[in-house]
Amino acid sequence: MTAHHLVPAPWSVQDGCGVLELDGATTLGADRELNTARRWLSRALGAATGWDLMPDPAASATISLRLDPELDAEAYRLDVDTAVVIQAGGPAGAFYAAQTLLQLMGPAALRQAPAAAAGRSADPWPVPRTSIQDRPRFGYRGAMLDVARHFMPKDNLLRFIEVMAMHKLNVLHLHLTDDQGWRIQINRYPKLTETGAWRRESSRGSWRAGVFDSLPHGGFYTQADLREVVAFAAERHITVIPEVDVPGHSQAAIAAYPELGAGAGPVEVWTRWGISGTVLETSDTSLEFYRNVLDEVVEIFPSPWISLGGDEVPLTQWQASDRAKTKAAELGLPDVAGLHSWFVRQLAMHLERHGRATSVWDEIGDGGLPDGALVASWRGYEGGIEALKNGYDVVMCPEHKLYLDHRQADGDAEPVPVGFVTTLQAVYDFEPLPENVDPAFPGRLLGAQANIWTEHLDSPRRVHYAAYPRLSAVAEVFWSRPEHRDYDGFLARLTGAHLMRLDAMGVEYRPVSGPNPWQQRPGVEGWKRDYDAEQRTAAG
Ligand code: ACM
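Bear in mind that the values here come from a model prediction, so they are computed numbers and not experimental data.

So, how was this worked out
Here, residues in each chain are numbered from 1, in the same order as that chain's written sequence. Only residues with pLDDT of at least 70 are given local features in this predicted model, and only at 80 or more are side-chain atom pairs given and counted; all residues enter the totals for whole chains, interfaces and linings. Water and hydrogen atoms were dropped before computing side-chain values, which therefore reflect all heavy atoms in the structure. For helices the rule is a DSSP run of H or I covering at least 4 residues; for strands it is a run of E covering at least 2, with both sets numbered from the N terminus onward. What the globule rule says is 2.2 Å times the number of residues to the power 0.38, and the radius of gyration is computed from C-alpha atoms. Here, residues are in contact when the closest pair of their heavy atoms is within 4.5 Å. Note on areas: Shrake-Rupley with a 1.4 Å probe; residue coverage comes only from the protein chains shown. Under this rule, positive means Lys or Arg and negative means Asp or Glu; His and the chain ends count for nothing. A single reference atom marks each charge: NZ on Lys, CZ on Arg, CG on Asp, CD on Glu. Burial classes follow relative accessibility: with a 1.4 Å probe on protein chains only, a residue under 20% of its type's maximum area counts as buried, one over 50% as exposed, and anything between as partly exposed. Think of the arc as the fan of directions from the helix axis to the C-beta atoms. N or O atoms within 3.5 Å of each other form a polar contact, as long as, within protein, one can give a hydrogen and the other can take it, and as long as residues adjacent in sequence are counted only when both atoms are side-chain atoms. Note: two strands are recorded as paired if DSSP finds a minimum of 2 bridges between them. A right-handed crossover is one whose linking path, passing over the helix from the first strand to the second, runs clockwise when the strands point away from the viewer. Interaxial angles span 0 to 180 degrees and are taken between N-to-C directions of axes, which are lines fitted to C-alpha atoms, for helices over the stretch in contact. Think of a salt bridge as a Lys or Arg side-chain nitrogen and an Asp or Glu carboxyl oxygen that are within 4 Å of each other. A helix is expected to span 1.5 Å multiplied by its residue count minus one. Working definition: rings of Phe, Tyr and Trp (its six-membered ring) pair if their centres are within 6.5 Å, and the pair is stacked with planes under 30 degrees apart, edge-to-face with planes over 60 apart, and tilted otherwise. By the criterion adopted, a ring carries a charge over it if an Arg CZ or a Lys NZ lies within 6 Å of its centre and within 35 degrees of its normal.

(A) Expanded view of the overall build of the chain. What the chain contains, in helices and strands, is 17 helices and 21 strands. Over its C-alpha atoms the chain spans a radius of gyration of 24 Å, differing by no more than 12% from the 24 Å that the globule rule assigns to 540 residues. Seen through its principal axes, the chain has C-alpha atoms that stretch 75 × 50 × 45 Å. Taking the contacts inside the chain whose residues are at least 6 apart along the sequence as the reference set, 73% of them involve residues at least 24 apart. Just so you have it, the chain exposes about 20900 Å², and 50% of that area is on carbon and sulfur atoms. Averaging the locations of the 50 positively and 70 negatively charged side chains of the chain gives two centres separated by 2 Å.

(B) Local environment of helix α9 (residues 322–330). For α9, the full list of buried residues reads Ala324, Lys327 and Ala328. Down the axis of α9, the buried side of the element spans an arc of 100 degrees, and every buried residue falls inside it. Residues of α9 that are exposed and angled more than 90 degrees away from the buried face: Asp322, Ala329 and Glu330. Looking at the packing, one finds that the buried side of α9 touches α7 (284–300), α8 (316–319) and α10 (338–353). Taking the backbone nitrogen of Arg323 as reference, a side-chain oxygen 3.3 Å away marks Ser321 as the first, capping residue of α9. Trailing α9 by a residue or two, Gly332 shows a phi angle of about 75 degrees, which is positive.

(C) Summary view of the pairing of strand β2 (residues 27–30). Here β2 shows a buried face lined by Thr27 and Gly29 and a second buried face lined by Leu28 and Ala30. Judged from the two bridges that link them, β2 and strand β3 (residues 54–55) form a sheet pairing that is parallel. If you follow Thr27 over to β3, its bridge partner there is Met54. In this view, the connection linking β2 to its parallel neighbour β3 by way of helix α1 (residues 35–49) has right-handed handedness. Here three bridges tie β2 to strand β4 (residues 63–67), and the two strands are oriented parallel to one another. Bridging across to β4, Gly29 finds its partner in Ser64.

(D) Representation of the sheet that holds strand β8 (residues 140–146) in the model. If you walk around this closed barrel you meet the eight strands as β8-β9-β14-β15-β16-β17-β18-β20, and the pairing is parallel. Strand after strand, the sheet turns through a mean of 30 degrees between neighbouring axes, direction not considered. As defined by bridge partners, strand β17 (residues 374–377) adjoins strand β18 (residues 393–396) across four bridges and the pair is classed as parallel. Its bridge partner lying in β18, Val375 is registered against Val394. Together, β14 (239–246), β15 (305–309) and β16 (357–361) form the strand contacts of α10, whose direction differs from that of β15 by roughly 165 degrees.

(E) Here's a closer look at the side chain of Arg407. The topology assignment puts Arg407 in the loop between α12 (399–402) and β19 (418–419). From its side chain, Arg407 meets the backbone oxygen of Gly419 in a polar contact 2.8 Å long. Once residues lying within four places of it in the same chain are set aside, the contact partners of Arg407 are Glu414, Pro417, Val418, Gly419, Phe420, Val421, Thr422, Arg470, Lys528 and Arg529.

(F) Representation of the pattern of salt bridges within the structure. Per the stated rule, a full pass over the model turns up 29 salt bridges. The residue Asp393 makes a salt bridge to Arg444 at a minimum N-O spacing of 2.7 Å. Taken together, the residues Asp393 in strand β18 and Arg444 in strand β20 (residues 444–452) connect sequence positions 51 residues apart. Accessibility expressed as a relative area gives 16% for Asp393, which makes it buried. Taken together, the shared-partner salt bridges in this structure form one network comprising Arg39, Arg43, Glu162, Glu235 and Arg236.

(G) Focus on the side chain of Arg141. Relative to the helices and strands, Arg141 resides in strand β8. Residue classification places Arg141 among the buried residues on the basis of a relative accessible area of 0%. For Arg141, the side chain forms a polar contact with the main-chain oxygen of Lys168, separated by 2.7 Å. Leave out the neighbours within four places in its chain, and Arg141 touches Glu74, Tyr96, Pro136, Lys168, Leu169, Asn170, Val171, Ala448, Phe478 and Trp479.

(H) Structural view of the sheet that holds strand β7 (residues 125–134). One open sheet holds the seven strands; their spatial order is β1-β7-β5-β6-β4-β2-β3, and the pairing between them is mixed. If you trace the sheet from one side to the other, it starts and ends with β1 (12–22) and β3, each paired once. Sheet topology places β1 next to β7; eight bridges connect them, and they run antiparallel. If you follow Val19 over to β7, its bridge partner there is Pro128.

(I) Region of interest: α10. With 16 residues, α10 ought to run about 22 Å at 1.5 Å a step, and its terminal C-alpha atoms sit 23 Å apart, in line with that. Listed as buried for α10 are Gly338, Leu339, His340, Ser341, Trp342, Phe343, Val344, Gln346, Leu347, Ala348, His350 and Leu351. In the segment just after α10, Gly355 is the residue with positive phi, at about 80 degrees.

(J) Focus on the packing of aromatic side chains. Taken as a whole and assessed by the stated rule, the structure comprises 19 aromatic pairs. A centroid spacing of 6.2 Å and a plane angle of 5 degrees characterise the contact between Tyr381 and Phe430, whose relative ring orientation is stacked. Here Tyr381, found in the loop between β17 and α11 (382–389), pairs with Phe430, found in the loop between α13 (424–428) and β20; they are 49 residues apart in sequence, far enough to count as distant. A relative accessible area of 16% means that Tyr381 is categorised as buried. For Phe430, a relative accessible area of 1% gives the class buried. Grouped by ring-pair contacts, the aromatic residues Trp182, Tyr189, Tyr257, Phe289 and Tyr290 constitute a single cluster. Sitting over the ring of Trp479, Lys168 keeps its end group 5.8 Å from the ring centre. Directly above the ring of Trp207 sits Arg272, whose terminal nitrogen or CZ lies 3.8 Å from the centroid.

This is the structure:
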């Protein structure tokens, strides 16, 4: 199905004949419940065309948005004939219909001001006559962005959200804290950002090369910034899940408040990539500190889930600590390894008191998941399948399939080639629902998520390179009918129109043929991994 080069492909399209021509007299009407979608469409289309798009509550509006309670909340019908008629199950469906309409109007409809040559009018804008019925395959269509390793300035983050919304993605998991930086202002603990939001320098390329760049790096979002981000995302039907990673990946917090650390002596915000051995002391002091942090986090983020991370916790410091051993014994744990999930569960209970569920990376399941947790299965599918068997909600984001910081092709042309080869076709072929998931499992597979770690993505330009067009492919996997999956058809829509849409939005994606010269990083060492070989080794 290549109709109109829409990405993600809608569930069904029936084409009419010819085009409807829209011009500066276009009016816009909406049922009251769909006013946010009307406002967004009026702004987006008004910006690109220069039209005023006068509101017209009457049925005679050129573009009308109508509520149809028979449809699911995210579903819509879009009919273009003598007028544009959108029927939506709810505000989200109306918003997705508006996105589809902009895609139908051509790449220029995604610009932020009219781009017709001087002295020429862009009117009229032809819209192909068509009848589209559409709804998503999964309710959770996510992307995780790591703003801890490299800070994403707020204006770029808003743009990132806008481009996600164009793809009908609806969850942004924001990785806000890590060993290398703390990016969220916490009023009670100002040193988290005074000290924790910047580092002296960073590894250049893989940390294994031992090369550093001698450049200070930092930045953080104020609470007002994050409220703006959340509201901006909400207008686009995107939920922002904040992640405060514990009890590992916490060196920036420990640099700011050394009493939180399990090791001896102060540390600095980590300048190296990799997994720091510096972890939290699982003390009452740490618990109280993080409860206070979370009290501020929940005030900023209305998301039903708050992520506590919980990934990659080295045990070395706890194993060397009498305090940790005593604590484990007091809690009746067989050894200090149990402190990992115990600590996360304590904070999860605090979130529960705030009416929020906890999202965690899947390895926390090795020691017991918090009640009602959402499990992000990154170490493959297995952690997710186990969680489904045990009645948990799950989001699939396996590293060997959906890590968009991983290299997009084999060879040395890829900038800082790290991880597994993860081509455009490979992500397009990703299937969120593994065959061995029994529908009778009590847990729910909510959807899937592409993860964008930024050790080697030191600017929004590098993030766009890693994300697109793979995130366009991922969006189609999450949204469209699996029976219609067709890589050649996707590629035709991508090269026929969608890349031009990304161009119009200013997204510096990776060209299908390979990186532009300025997108390469000659001489910066990566760390290539080979999934097949690792699997063979693991298998024996
Ligand atoms: C992860 O990749 N450490 C979740």
